[in-house]
Amino acid sequence: MAKSKRFKEREQRMIDVAQGRIPDRVPICGLIETYALSYSGVPLKEAATNISKNVHAHAKIYDDIYYDCAYIASLAHAWEIGWTLGSDVFFISDDGFTEQHKEYAPMVPDDYDALAKDPIRFILNEFVPRKYSKLDATNEEQKKAFLSALVPFFKFAGAMVYGSYAFRKIDMPIVMGGAGQMPLDFLFDYLRGFKGTVGDLRRHKDKVKAATEALLPYSFDLSHMTNLMMGGYSGGVPWMVKNLVNAIILRNDFEFTTFPWIFNPCHMPPFMSPKQFEEFYWPGYKAVAEHIHAHGGHLLTVLEGEWGREKLEILRYLPDNSVTFVVENDDPKMVKEILSNNSIMAGLPLELLRNGTREECIAAAKEMIDELAPGGRFIFCTGDKVLLSASDAKPENIRAVNEFVHGYGLYY
Amino acid sequence: MREQLPEYTYTKNEKTFTEVMIGFVRGIFETVFPFFRIKPFSILLDKLFTSKFADSLLGSFAMVLLM
């Protein structure tokens, strides 16, 4: 389906911000996950098993409320695969809509050498069977389990592809066009967990470094493959064919989509000292950001939690116009000043959107636009965190704020 | 939460989980296109399943299972 004029205008606003040009108005991007389900009244369990319900449940809020860009068109996690293979790491809240997860990171320090030797095979052969009870079994049972997981896997991928099509129909670009998983966050998010990774930075320094170096090519590969899957609809058929041929034959000549971008939530830095950040996290992060930038793409990094000035200063050394930073608990004005060669995305505190009046929310939005919009390089987003639960924000406040920013945030 | 001990895993398998998956997908290829069982087409399939592209696909699937 061809892009409409309105779709192109909205997409161009995002691209202009990322490339350091002043757009016609401040773009408004949604940061919405399972909040979209409660808004549309589709329980998570139904959305997770039905591609159409999944996508249309996510689309409704973007159809009702003004946005220039959506965050994601379907569920971000492959719930049905977890249910099929016997994992309860992700679970649904009592409200039936909100996703939650617990930490389950069954890698032990003795595994570091195997991880560094071959990350993908360690994950598939050693780690995954510890996580999924149906794969902790004989080869014959593993084969049956793999077969049973294929349909949910294709449904998960299909929802992304159908989501791109359905959102194009409502003239809504989607910002997330791939996944950028940073090497140290593999350990923190999945393999060793919070306690394990924080301890390993002191007790197993060299092993952590060897593992993150080995995980770096995997990070590159993932950004390519997920861009093909999630950005394919935007990239178009010739772009897909060219990249698939490159992937099979030439390998290193991947060309990312200019838009949508590679999404990367940075989870570990808030729990690291600036010195640890520079030693363990920065080398991998810098390499991934530079790789994506050098191949025509753009990184959307969520600065999860509070980073602080010292760690943000280190990010100044990234190439110009290579990253858009989503600000959570840091002061957005400070982040924009420090990272002035790149762009930021920031929104109102969820507490205000949840408990404030319409007038209070609009006043805060005005203040934010007045402070952050001059000079461009700024995207307004729903809130200072991803919306998950119905109680995160009042829909009427989001509507009022977005309509206000759309009218007020004009550059020319 | 299960205890984080590697000995919880089943260790008596002849093949790794990766080999199980590749064997399964290869079996589908060979069933749908029987000529892949004979040379030189079987060599082509060998190369495909040991290529870096196959690794990239495995890596993507591994990421979905990690999440």
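As the structure is a computational prediction, the values presented were derived from the model and not from experiment.

Analysis parameters
Residues numbered from 1 in each chain as written. Chains lettered and ligands numbered in written order. Predicted model: local features only at pLDDT ≥ 70, side-chain atom pairs only at ≥ 80, totals over all residues. Helix = DSSP H or I, 4+ residues; strand = E, 2+ residues; numbered from the N terminus. Rg over C-alpha atoms; globule rule 2.2 N^0.38 Å. Buried ≥ 20, exposed ≤ 12 C-beta atoms within 10 Å, placed from the backbone. Contact = placed C-beta atoms within 7 Å. Nonpolar A, V, L, I, M, F, W, Y, C, P; charged D, E, K, R; others polar. Pairing = 2+ DSSP bridges. Core = buried A, V, L, I, M, F, W, Y, C linked by C-beta atoms within 7 Å.

*Asks:* Help me get a handle on the overall build of chain A, residues and values and all.
*Replies:* The helix and strand inventory of chain A stands at 19 helices and nine strands. In terms of C-alpha radius of gyration, chain A reaches 21 Å, essentially the compact-globule figure of 22 Å for 412 residues. Counting only C-alpha atoms, chain A reaches 60 × 45 × 45 Å along its principal axes. Scored against the burial criterion, the 412 residues of chain A give a buried share of 51%. Once local pairs closer than 6 in sequence are excluded, the contacts in chain A between residues at least 24 apart make up 77%.

*Asks:* Describe the interface of chain B and chain A, and please don't skip the residues or the numbers.
*Replies:* In this complex, chain B contributes 30 residues to the contact, which on the side of chain A involves 35 residues. For the side of chain B that touches chain A, the secondary-structure elements that each account for two or more residues are α1 (17–32) and α3 (52–66) of chain B. It is α3 of chain B that contributes the most residues to the side of chain B that touches chain A, twelve residues altogether. Taken together, the residues of the side of chain B that touches chain A sort by class into 16 nonpolar, nine polar and five charged.

*Asks:* Lay out the sheet that holds strand β8 (residues 343–348) of chain A with the relevant residues and their values.
*Replies:* Residue and element names in this part refer to chain A. Strand order in this open sheet of seven strands is β1-β9-β8-β7-β6-β5-β4, and the pairing throughout is parallel. Every other strand in the sheet has two partners, leaving β1 (28–29) and β4 (176–179) as the edge strands with one partner each. Sheet topology places β1 next to strand β9 (residues 378–383); two bridges connect them, and they run parallel. Note on β9: the bridge partner recorded for Cys-29 is Cys-381.

*Asks:* Explain the nonpolar core residue by residue, including any values.
*Replies:* Ranked by size, the top nonpolar core spans 138 residues in total, and within it Cys-29, Ala-70, Val-175 and Tyr-281 of chain A carry the most contacts. Apart from residues lying up to four places away in sequence, Tyr-281 of chain A is in contact with Met-182, Leu-184, Met-268, Pro-269 and Met-272 of chain A.

*Asks:* Mind laying out unusual backbone geometry, listing which residues take part and the relevant values?
*Replies:* Cis geometry marks the peptide bond from Phe-259 of chain A to Pro-260 of chain A, where omega comes out at 5 degrees. For Pro-260 of chain A, the position within the fold is in the loop between α13 (237–250) and β5 (261–266). The omega torsion of the bond from Lys-39 of chain B to Pro-40 of chain B falls at 0 degrees, within 30 degrees of zero and hence cis. For Pro-40 of chain B, the location among the structural elements is in the loop between α1 and α2 (41–49). Even without being glycine, Arg-377 of chain A reaches a positive phi, approximately 55 degrees. Tracing the sequence through the fold places Arg-377 of chain A in the loop between α18 (358–372) and β9.

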